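In case you want the letters, here they are:
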Amino acid sequence: MNKAFFAFVLCIFLSPYLTAQEFKITGSVKDASTQNPLEATTIYAESPKDSVLVAYTISDENGYFELEERTSLKRLNLFVSYNGYKPLTMNLEVKPSTNLGTIQMEPQAQELEGVNVVGERVPIQVKKDTLEFNADSFKTRPDANVEDVLKKLPGVDVDSDGKITVNGKEVNKVLVNGQVFFSNDPKVATKSLPKEVIDKIQITDSKTKTQEFTGEDGDGESKTINLTIKKDKNKGILGRAAAGYGTDERYQLNGLLNYFNDTERMSFIASSNNINNSGFSFDEIYDMVGNTRGGYDGARESGLINNFGNGITTSSNIGGSYANAKKGTYEVDGNYFFGYSDSFNDQKTNRENILPNGRFFSDSESNFLGTTNSNRGAANLEFDIDETLRISLEPSMSVNRTDSYNFNTSVTTDASGNLINENNRTTVSDGFQRNFSNRLEIIKKLDTVGRFVSIRFSNNNNENRDVSNLASLREVYGENAETQELNQLTEVSNKRNSYEVQAEYRHPITEKFFLDLEYTYSHDDRENSKQINDFDEQQGDYLLFNEELSSNFNFKNIQQTPAIGIRRNGEKLNFRIGAEYKLTDLSNQDFLQNSNFSKSYKNLLFNARMRYSLGRNKRFFARYRSNLNLPSVNQLQPVPNVSNPLNVVIGNPELSPEVNHNVNFNYNDFNWKDRTGLYAYFNMNFQKDRVSAISTTDENFLRTTRFTNIDGNYNGWAGFGYSKQIKKDSVFTAKFNVRPGMSFGKQVSFTNGVRLEAKSMDVSPNLSITYNYKELLEIEPGYGISFNNTRYNLESVEDINFTSQNASLRLTTYWPKNVIFGNDIRYTYNGNVGPGFKKDAVFWNMSLGLEILNKKGTVKVLAYDLLDQNINTRRTTGEDFIQDFQGTVLKRYFMGSFTYKFDQFGGAKPSRGGRFRRL
């Protein structure tokens, strides 16, 4: 009976596939007048009954195409589309093999609105520098968001954290109708906007404002996605609201409201939760899930969450944004956020410190509490005075207040386990930060052949005030036993005002070659006042001024940088070779310590980049870049920092700037016919005169750290990725991703006068699969393993070798109707962590949702960390240490929630039509 039942179920699921037949349609596409082949023509087939996409392909450099698929349909509507040409349509009988011969396409001189209605359904178009996907052509579940449809697109990958890559290139911006949506965090748009309102998904190389205005191609280092709203959805209101409450008093509340009126948009967002969630996701399956590691969430970079980046955070935020545009006249957008959060984190660290003649161990535990609130606002104002002149302004401002409490206890032992010293310290601080930055850019095109001039002015003005109390007790044991107690009040006031002016002129030499001339002047002025008072036992207050540890200085950095470059802009080959001569003047005057110094540096730096297109789908990119990193004020200032009594840090005013030499190669190729993608990358960074630590450790393992310039440091990473997408009619789709990678490096430092070198090598292959059956079942397994090796130059120090593994399985079902069942299981293994740290764990989230109210509402029950095994442990190695870390994470909780959607749109729906030729 069980076998019969299994066979019955199998027949139900596979019957559409078993009754389908394979078909293959071939042909070539040419320009009717010139007979030139049309590469990257889109050929696609739809169901005549409901216009569901069955298959699509892209013609090669010879105009040839093969459209292969399996379908149960008897006839198909076939479309042939190429940008700038009249689309062709035909109705075909499904046969094992059909050869259409040469298809002649006629240029379309002018496309009037409403004429090319068939072209609006083209699933994919390859334009000059843009991939354009029709969102409706890619089938998803009805309640899908933008992230769900991105996962369906060829060449696009979305990982479990929402990070988007296109053929290995990270997407750093997601725009809506060409404008920023709330913030620069791509996930705000992809997780909150429903697929049903999206018309086109356009992917292009990210561009600077100058490249946008002059029509120049982007550098290809990152990608931008632009989402266009459907015309019938571009007037109205789109809203989402969700609320959840669970065990251990876990909760989440969030809401989103968007008003669209053609090019005008107003948006509001609000959130409050204590599960480390960004608060803008409305995913009916995996929403209301805290950050896996209980720590950093990428959304915090966008200003939607503000905290100290560790532990468990309770946060509340509210914000709004406005955007409007008039083509050829202006484009404006702005946003404001208020956020409040409090965090706590208990962490444990075991550190093995390497010395030339031995080693010692430091074990520490800390308890941290912190609160922060912030007000942040930013705007982007862009005005086209005429076709040749553009003025843009980008102001931003933030005001933050922070309060924190940190208790730390540390114990140091020698190699035999004997207690050498210990330290207990408590730090309480109250901080205030204010920052204002602005960027003004004026671009003037002088002709139509590429000549232009631009002037950019930017400023950054910030103030940081902090009042902190340090209470510390350090005890040293053994023959030189001593006790040191500190009770200090520190008041710090930092002000920084930096200004930069940059002028650029481009002169065309030939049609493709250009000369770039640039000059940059920057002025950076920092005022720092640090006043430390020791506690006066007799007066009962902090009245004893500590002149040795206090400082009051003014630091100035003036740079002048003339630069010259030669570039070539072509359809296939683009390159730029440039050089800049950087003149740097540093000066510091300490009014308290009478420690004054001035330094002048002259550095000739070179840079070059090249991009070569081997076709519509293949591209090779190479870059060399050298840049200058100046020492920080703390690294230059020769005043002891005793905030950690076990490690006193003193700056060095004789430091030279660090010069980085970076080499990068990248190759990517996507075969539209076979739906296969391949990319490879290599990056190497050499550091000359790197500012490195020199430490001296005495017999009591008390450390003093200074800084010097050291050569010999480098780091790099390399790897490749291969993806394959398989689609069988409307039955199932599968995507395979293989991503082996490696990283390596060398770190150099000095300890007790001996040079220490640590060479590291990590090899990490990864494999993931996404399988979707008729939008009823989606399975996403993945596995990765990392082989880690660190070698030291000292014979007394053993090499470090360990293996880490991770496996994941995401299983989502959309059956029975209106029921959504999700499981997210991850297994992690951290090899070679020290005693007292858990090495492996199974992290399992489960949710069960029911769609009600005509799918406008979703009731859900969620289990977070079902097995109660979540951990946050990791091992790191450096040139003179091996360290194991463990911090606070969210533990198991259960939550019930309700999500509601409310949309109201106006406007007529676009008509669909077209003429068909039956064959």
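Everything numeric in this text was worked out from a predicted model, so none of it was measured.

### Digging into the environment of Leu446
Among the structural elements, Leu446 can be located in the loop between β24 (419-445) and β25 (452-476). Leu446 sits in the partly exposed class, given a relative accessible area of 43%. Apart from residues no more than four positions distant in its own chain, Leu446 is found in contact with Arg451, Phe452, Val453 and Tyr505.

### Here's the deal with the confidence of the model for the chain
On average, residues of the chain score 85 in pLDDT, and 90% of them are at 70 or above. Of the regions scoring below 50 in pLDDT, residues 908-919 engages in 28 contacts with residues more than four places distant in sequence or in other chains.

### Thoughts on the sheet that holds strand β5 (residues 75-81)
Strand order in this open sheet of 4 strands is β3-β2-β5-β6, and the pairing throughout is antiparallel. Every other strand in the sheet has two partners, leaving β3 (53-58) and β6 (88-93) as the edge strands with one partner each. Going across the sheet, the axis of each strand differs from the next one's by a mean of 20°, ignoring polarity. Note that β5 and β6 share 6 bridges and pair antiparallel. Bridged to Leu78 within β6 is Met90.

### Describing the sheet that holds strand β7 (residues 98-105)
If you walk across this open sheet you meet the 3 strands as β4-β1-β7, and the pairing is mixed. Two strands lie at the open edges of the sheet, namely β4 (64-71) and β7, each paired on one side alone. The sheet shows a mean angle of 25° between the axes of neighbouring strands, taken without regard to direction. For strand β1 (residues 21-31) and β7, the ladder comprises 6 bridges, and the chain directions are parallel. Paired with Val29 across the bridge in β7 is Ile103.

### Focus on the packing of aromatic side chains
Taken as a whole and assessed by the stated rule, the structure comprises 18 aromatic pairs. A ring pair is formed by Phe535 and Tyr542, whose centres lie 5.1 Å apart and whose planes are at 70°; its orientation type is edge-to-face. Residue classification places Phe535 among the partly exposed residues on the basis of a relative accessible area of 25%. Each ring, one from Phe898 and one from Tyr900, has its centre 6.5 Å from the other, and the planes form 20°; the classification is stacked. Joined through ring pairs, the aromatic side chains of Phe620, Phe665, Phe682 and Phe744 make up one cluster. Between the NZ or CZ atom of Arg675 and the centre of the ring of Tyr56, over which it lies, the distance is 4.4 Å.

Rules used in this analysis
Note that residues are indexed from 1 along each chain, following the sequence as it is written. Selection of residues for local features in this predicted model requires a pLDDT of at least 70, selection of side-chain atom pairs for listing and counting requires 80 or more, and totals for whole chains, interfaces and linings are taken over all residues. To get the side-chain values, take all heavy atoms of the structure and skip hydrogens and water. Secondary structure elements follow DSSP: runs of H or I no shorter than four residues count as helices, runs of E no shorter than two count as strands, and numbering proceeds from the N terminus. Relative accessibility under 20% of the residue-type maximum defines a buried residue, over 50% an exposed one, and the middle range a partly exposed one, all with a 1.4 Å probe and only protein chains included. It only takes one pair of heavy atoms within 4.5 Å for two residues to be counted as in contact. You can read pLDDT as the predictor saying how much it trusts each residue, on a scale of 0 to 100. Any two strands are treated as partners once DSSP identifies two or more bridges connecting them. Each axis is a line fitted through C-alpha atoms, taken for helices only over the stretch in contact, and angles between the N-to-C directions span 0 to 180 degrees. Here a Phe, Tyr or Trp ring, Trp counted by its six-membered ring, pairs with any other such ring whose centre lies within 6.5 Å, and the pair is stacked when the planes are under 30 degrees apart, edge-to-face when over 60, and tilted otherwise. Here, over-ring charges are defined by two tests on the NZ atom of lysine or the CZ atom of arginine: distance to the ring centre within 6 Å, and angle to the ring normal within 35 degrees.

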